[in-house]
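As a plain string of letters, each chain reads:
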Amino acid sequence: MEKKIFSDVGEKEVTRAIVEGFAKTFNEYVESDVIIIGGGPSGLMAGRELASSGFKTLIVERNNYLGGGFWIGGYLMNKVTVRAPGQEVLDELGVPYEEVIEGLYMTDGPHACSRLIASACDAGVKIINMTKFDDIVIREGNRVSGVVINWTPVSALPREITCVDPVALESKMVVDATGHDASVVSKLEERGLIKTKGYGAMWVEKSEDLVVEYTGEVHPGLVVMGMAVSTLYGLPRMGPTFGAMLLSGKKGAEVIKEKMAVVSK
Ligand code: 48F
């Protein structure tokens, strides 16, 4: 008889563990304090800050992987840069980096991104991926009060078999961290509640400061961060530099903490 290394657990136990585990987490997060749409650098950073302050925080990501543009940085070369003081966040996350010239730092995308993801998970953020934001939930006073979602593969199905209704999740605050798409804001725009300008031409020296400055609540219940801010306000784009994404996530989290203090009074 061959020596067994692993336990006697079989297929049915594995399947049950997955189904029950998913249902338990999903059920718990049908109602959250904050739902962040988009698991790129700004969304992950905000999630980390909020969860570590005790807020029940869910990230919804349409891809199977998290990290958005933070994984590969510029030009498929796996290098990401931050301009000072962005390196302070890298220090906080324990990401190694090198100083290229005074005020410019460089790190490896996979290392930086995996540390940021792990840090958000360690803080208690829950993640549902392969799930696409489809629409907003709006309640009294036009307040954004949740999101409508569907499995990502549903949108890839042929039209004749896509009669798959989505489901909705409720939250006290919603975040648009969907990058250049500004997917959540665009749903407000479709209903004439907001006007987006589309992002401007690249100008990193202007863009980073402005994106952080304009990060905030743009409609009752909706906070915008990261490159979605530049799409909304017509600010210049910035390319493969990420300090503003990390600081925008941090600022957005601070704004939410203040708003949540008011909501729960
Ligand atoms: O694009 P992304 O990395 O956004 P970000 O946090 O950072 C931008 C930078 O990566 C870079 C830049 C400045 O450094 O110019 O582009 O603003 O991540 C956005 C995430 O949102 C997801 C998308 O898959 C990505 O992971 N996302 C976008 N639309 C949806 C979505 C949607 N409708 N539903 C769910 N996730």
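You'll find the structure just up there.
The structure reproduced in this document is the subject of the present report.

What counts and how
Residues numbered from 1 in each chain as written. Predicted model: local features only at pLDDT ≥ 70, side-chain atom pairs only at ≥ 80, totals over all residues. Heavy atoms only, no water. Salt bridge = Lys/Arg side-chain N within 4 Å of Asp/Glu carboxyl O. Helix = DSSP H or I, 4+ residues; strand = E, 2+ residues; numbered from the N terminus. Buried < 20%, exposed > 50% of the residue type's maximum accessible area, 1.4 Å probe, protein only. Axes fitted to C-alpha atoms, helices over the stretch in contact; angles between N-to-C directions. Parallel < 35°, antiparallel > 145°, perpendicular 65-115°, else oblique. Left-handed = near helix turned anticlockwise from the far one by under 90°. Contact = heavy atoms within 4.5 Å. Nonpolar A, V, L, I, M, F, W, Y, C, P; charged D, E, K, R; others polar. Phe/Tyr/Trp six-rings, centres within 6.5 Å; stacked < 30°, edge-to-face > 60°. Pairing = 2+ DSSP bridges.

With respect to the pattern of salt bridges
According to the stated counting rule, one finds 16 salt bridges in the structure shown. Between K172 and D33 there is a salt bridge; the shortest N-O distance is 2.8 Å. Within this pair, whereas K172 is found in strand β9 (residues 167–176), its partner D33 is found in strand β1 (residues 31–37), the two being separated by 139 residues in sequence. What makes K172 partly exposed here is its relative accessible area of 36%. Between R48 and E92 there is a salt bridge, and its shortest N-O distance comes to 3.0 Å. Note that R48 is positioned in helix α2 (residues 41–52) and E92 in helix α3 (residues 87–93), a separation of 44 residues in sequence. Classification of R48 by relative accessible area gives buried; the value is 13%. Salt bridges sharing common partners tie together R48, E49, E92 and K250.

A few points about unusual backbone geometry
The peptide bond linking A84 to P85 adopts the cis configuration, its omega dihedral lying at 5 degrees. With respect to the helices and strands, P85 occurs in the loop between β3 (79–83) and α3. For L76, which is not glycine, the phi dihedral falls at a positive 55 degrees. Phi angles above zero are rare outside glycine, and M130 is one such case at about 55 degrees. For M130, the location among the structural elements is in the loop between β6 (126–128) and β7 (131–139).

Observations regarding the packing of α2 against helix α4 (residues 109–123)
Two elements in contact, α2 and α4, have axes whose closest approach is 8 Å; the angle formed by their N-to-C orientations is 30 degrees. Between α2 and α4, the angle falls in the class roughly parallel. In this structure, α2 crosses over α4, and the sense of that crossing is left-handed. Across from P41, L44, M45, R48, A51 and S52 in α2, the residues of α4 making contact are L116, I117, S119, A120 and A123. Taken together, the residues of the contact of α2 with α4 sort by class into eight nonpolar, two polar and one charged.

Remarks on the packing of aromatic side chains
All chains considered together, the criterion is met by five aromatic pairs. Note on F70 and F242: the rings are 5.1 Å apart at their centroids and 55 degrees apart in plane angle, and the pair reads as tilted. Placement of the pair is F70 in the loop between β2 (57–60) and β3 and F242 in the loop between α7 (227–233) and α8 (243–263), with a sequence separation of 172 residues. In this structure, F70 and F242 share a single accessibility class: buried. When the ring of Y97 is compared with that of Y105, the centres are 5.4 Å apart and the planes differ by 90 degrees; the resulting orientation is edge-to-face. When its relative accessible area of 12% is taken as the criterion, Y105 is described as buried. Grouped by ring-pair contacts, the aromatic residues F22, F26 and W151 constitute a single cluster.

Quick word on the side chain of E49
Mapped onto the elements, E49 comes out in helix α2. Looking at E49, the relative accessible area reads 11%, which means it is buried. Ignoring any residue separated from it by four or fewer positions in sequence, one finds E49 in contact with E92, K250, A253 and K257.

What to know about the pairing of β9
Two strands pair when backbone bridges link them, and β1 and β9 are joined in this way by six bridges, in the parallel orientation. Along β9, the bridge assignment pairs I36 with V175. Relative to β9, strand β8 (residues 143–151) runs antiparallel, the two sharing four bridges. Considered in β9, the bridge of I149 is made with V167. Direction of pairing for β9 relative to strand β11 (residues 222–224): parallel, over a ladder of three bridges. From the neighbouring strand, V174 faces β11, where its bridge partner is L222.

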